[in-house]
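Here is what each chain is made of, one letter per residue.
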Amino acid sequence: MRFLPVALGFLLATELRADDWPQFLGPRRDGTSLERGLLDAFPQPGPKIIWQREVGEGYSGPVIAGERLILFHRVGAEEVVECLLASTGKPQWKFTYPTNYQDGLGKGNGPRSTPVIVGDKVVTLGAEGTLHCLSLDTGKKVWSRSLTKEYKTPLGYFGIATSPVVEQNLVLINVGGKNAGIVAFDLDSAKEVWKATNDPASYSSPVVCTVDGARLAVFFTRTGAVVLDPKTGDVRYQQRWRARYDASVNAATPLIIDNLAYFSTSYETGSLLLKLRKDGADEVWTAEEMMSNHYNTCIYDNGYLYGFDGRQEASPSFRCVELKTKKVMWDKERFGCGTMILADGKLVVLTERGDLILVQATPTAFKELAQTHLLNDGPCRAQIALAHGKLFARDQRKVVCVELKK
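It should be emphasised that the depicted structure is a prediction, and the values quoted were computed from it without experimental measurement.

## Concerning the overall build of the protein
Then comes step 1: Of regular secondary structure, the protein possesses 1 helix and 32 strands.
Then comes step 2: For 406 residues, the compact-globule formula gives about 22 Å, and the C-alpha radius of gyration of the protein, at 20 Å, lands near that figure.
Then comes step 3: With the C-alpha coordinates of the protein rotated into their principal frame, the extents come out at 55 × 50 × 45 Å.
Then comes step 4: Considering only intrachain contacts with a sequence separation of at least 6, the fraction spanning at least 24 residues in the protein is 54%.
Then comes step 5: Accessible surface, the protein as shown: approximately 15,500 Å² in total, 49% of it carbon and sulfur.
Then comes step 6: Computing the positive centroid from 49 side-chain charges and the negative centroid from 46, the protein places the two 2 Å apart.

Next up, the structure:
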């Protein structure tokens, strides 16, 4: 394990700002940003690239708190957690540890899970199930655990890919162990605080929300939907909902819309909507044809869902659906997969091919505002991040910082 000295420490405040991007899918874990004054079109030959640098392989997205940007990637036989200055890309510290992970289906050997920054700590989960908590200031290890070894869980088709969420100083993860489907670890000590369910691990990431004054954690496990008390692990609701056959994955993150929880998966399964209560949930409906997210999570805006419908390998369509009626408002066929962020009335989309596209967030029609080719070494599957007017995106060889402010 190696460390680089921290420079310019006075610039690196640990207090989270409203325009930070500290975890998977952003501050509210729903793919939305409150930033305004963003570009409506790209200048020629494209938006300004503020900085770029080499990066190792992986599908882990960048996260940002203040001037700190955390990258999680693989270089050679090591998984690497690296801190950069968000404004310049200048390295601040690096933490490495060995890995032997080899993807059995040839889909890449780097980490899939996106880190989470909480206060003065950063939490990462590697492709082999190694959970680390590091100091955000220095990169020094606070603690680590090997979840697959301790809980005797399989790696699944594509390794470990769920992104942890932290709630009330607890790290919540769909571990997938026997009598330990979901486990909470103390953020300061790594101690197991509670465990619940027998559900195997999925590739979906959990979310936490408040309903009628009660905090609820919502998981989409390999088996289906689980709603529980994040403090105690008490299961409030559980529903088996998944594809009819085993060779399938659940990967999209549950989307919380007021007191509703929306789930989606592919493999002829579709969508599930739950109405959350402080003591549980009720099924509102299921719909097979409305939206089928394979890997990427939908974004909700003003009554409408925007998302990628269909299997990744079949070049899915990009569509808009009215949530209340389940009506498809528009459908851009064979658009392909991508990651996206809703900001300033626009969907900022990075396709797997490396194209950066601005799309008007409107149900009236698919309206492309701008497009440029940004990255060449795909597939680009890491979730993009938007912080302080800058977009951060990566492929398998490079990470770039792009100016999106007007």
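What follows continues from the structure just given.
## Side note on the nonpolar core
Then comes step 1: Judged by nonpolar contacts, the single largest core of 33 residues is most densely connected at I64, L69, L374, L391, F392 and L404.
Then comes step 2: Going through the elements one at a time, strand 3 (68-75), strand 26 (338-343), strand 27 (346-351), strand 28 (355-360), strand 30 (385-387), strand 31 (390-394) and strand 32 (398-403) are the ones with two or more residues in this core.
Then comes step 3: Looking at which element gives the most residues to this core, the answer is strand 32, with 4 residues.
Then comes step 4: Apart from residues no more than four positions distant in its own chain, I64 is found in contact with D20, W21, P22, L69, A86, I117, A385, A387, H388 and F392.
Then comes step 5: Core analysis: the next-biggest nonpolar cluster, separate from the first, contains 18 residues, L147, V171, V175 and L187 among them.

## Topic: the sheet that holds strand 9 (residues 141-146)
Strand-to-strand pairing in sheets goes through backbone hydrogen bonds, with the strands running parallel or antiparallel.
Then comes step 1: Pairing in this open sheet of 4 strands is antiparallel, and the strands run 6-7-8-9 from one edge to the other. What marks the edges here is a single partner per strand, and that holds for strand 6 (116-118) and strand 9. Strand-to-strand twist across the sheet, computed as the mean angle between neighbouring axes with direction ignored, equals 15 degrees.

## As for the pattern of salt bridges
Then comes step 1: What the rule picks out here adds up to 21 salt bridges.
Then comes step 2: Here E150 and R145 are joined by a salt bridge, their closest N and O atoms 2.5 Å apart.
Then comes step 3: Its relative accessible area of 36% is what places E150 among the partly exposed residues.
Then comes step 4: The partner of R222 in a salt bridge is D246, and the shortest N-O contact between them spans 2.9 Å. Separated by 24 residues along the polypeptide, R222 in the loop between strand 15 (214-220) and strand 16 (224-228) and D246 in the loop between strand 17 (235-240) and strand 18 (255-257) bring together distant segments of the chain.
Then comes step 5: By relative accessible area, R222 is classed as buried at 16%.
Then comes step 6: Residues joined in a network through salt bridges with shared partners are D40, D344, K346 and K406.

## Comments concerning the sheet that holds strand 24 (residues 317-322)
Then comes step 1: Taken in spatial order, the 4 strands of this open sheet run 22-23-24-25, and their pairing is antiparallel. Both outer strands of the open sheet, strand 22 (299-301) and strand 25 (328-332), are each paired with one neighbouring strand and no more. Taken over all neighbouring pairs, the strand axes of this sheet differ in orientation by 20 degrees on average, direction set aside.
Then comes step 2: Where strand 22 and strand 23 (residues 304-309) come together, 3 bridges link them in antiparallel fashion. Bridged to D301 within strand 23 is Y304.

## A short note on unusual backbone geometry
Then comes step 1: In this model, Q44 is joined to P45 through a cis peptide bond whose omega is 5 degrees.
Then comes step 2: With respect to the secondary-structure elements, P45 resides in the segment before strand 1 (49-54).
Then comes step 3: Each neighbour pair has its own omega, and for G378 with P379 the value is 5 degrees, a cis peptide bond.
Then comes step 4: Within the element layout of this structure, P379 appears in the loop between strand 29 (368-373) and strand 30.
Then comes step 5: Unusually for a residue other than glycine, N169 sits at a positive phi of about 65 degrees.
Then comes step 6: Here N169 shows up in the loop between strand 10 (165-167) and strand 11 (170-173).
Then comes step 7: The residue N302 is not glycine, and still its phi comes out positive at about 50 degrees.
Then comes step 8: The class for N302 is exposed, based on a relative accessible area of 65%.

## Section: the pairing of strand 9
Then comes step 1: The pairing of strand 8 (residues 130-135) with strand 9 spans 5 bridges and is antiparallel. Bridging from a neighbouring strand, T130 pairs with S146 of strand 9.
Then comes step 2: In textbook terms, the turn of a hairpin is the stretch between consecutive antiparallel strands, and for strand 8 and strand 9 this stretch comprises 5 residues, one of which, G139, has a positive phi near 85 degrees.

## Digging into the confidence of the model for the protein
Then comes step 1: For the protein, per-residue confidence averages 94 on the pLDDT scale, and 96% of positions sit at 70 or higher.
Then comes step 2: The model gives residues 1-14 a pLDDT under 50, and that stretch makes 39 contacts with residues more than four places away or in other chains.

## So, the side chain of R68
Then comes step 1: Looking at the secondary structure, you find R68 in strand 3.
Then comes step 2: Note on R68: relative accessible area 2%, which makes it buried.
Then comes step 3: Within polar-contact distance, the side chain of R68 engages the side chain of D137 at 2.6 Å.

## Some points on the environment of L323
Then comes step 1: Checked against the element boundaries, L323 lands in the loop between strand 24 and strand 25.
Then comes step 2: Judged by relative accessible area, L323 falls into the buried class, the value being 7%.
Then comes step 3: Sequence spacing of L323 and L305 is 18 residues, and the spatial spacing of their C-alpha atoms is 6.4 Å.
Then comes step 4: Once residues within four sequence positions are removed from consideration, L323 is found in contact with I257, L260, Y262, L273, W285, M290, Y300, G303, Y304 and L305.

Parameters and conventions
- Residues numbered from 1 in each chain as written.
- Predicted model: local features only at pLDDT ≥ 70, side-chain atom pairs only at ≥ 80, totals over all residues.
- Heavy atoms only, no water.
- Helix = DSSP H or I, 4+ residues; strand = E, 2+ residues; numbered from the N terminus.
- Rg over C-alpha atoms; globule rule 2.2 N^0.38 Å.
- Contact = heavy atoms within 4.5 Å.
- Areas by Shrake-Rupley, 256 points an atom, 1.4 Å probe, with all protein chains shown as cover.
- Lys, Arg positive; Asp, Glu negative; His and termini not counted.
- Charge placed at Lys NZ, Arg CZ, Asp CG, Glu CD.
- Core = buried A, V, L, I, M, F, W, Y, C linked by side-chain atoms within 4.5 Å.
- Buried < 20%, exposed > 50% of the residue type's maximum accessible area, 1.4 Å probe, protein only.
- Pairing = 2+ DSSP bridges.
- Axes fitted to C-alpha atoms, helices over the stretch in contact; angles between N-to-C directions.
- Salt bridge = Lys/Arg side-chain N within 4 Å of Asp/Glu carboxyl O.
- pLDDT = per-residue confidence, 0-100.
- Polar contact = N/O pair within 3.5 Å; in protein donor to acceptor, adjacent residues only side chain to side chain.

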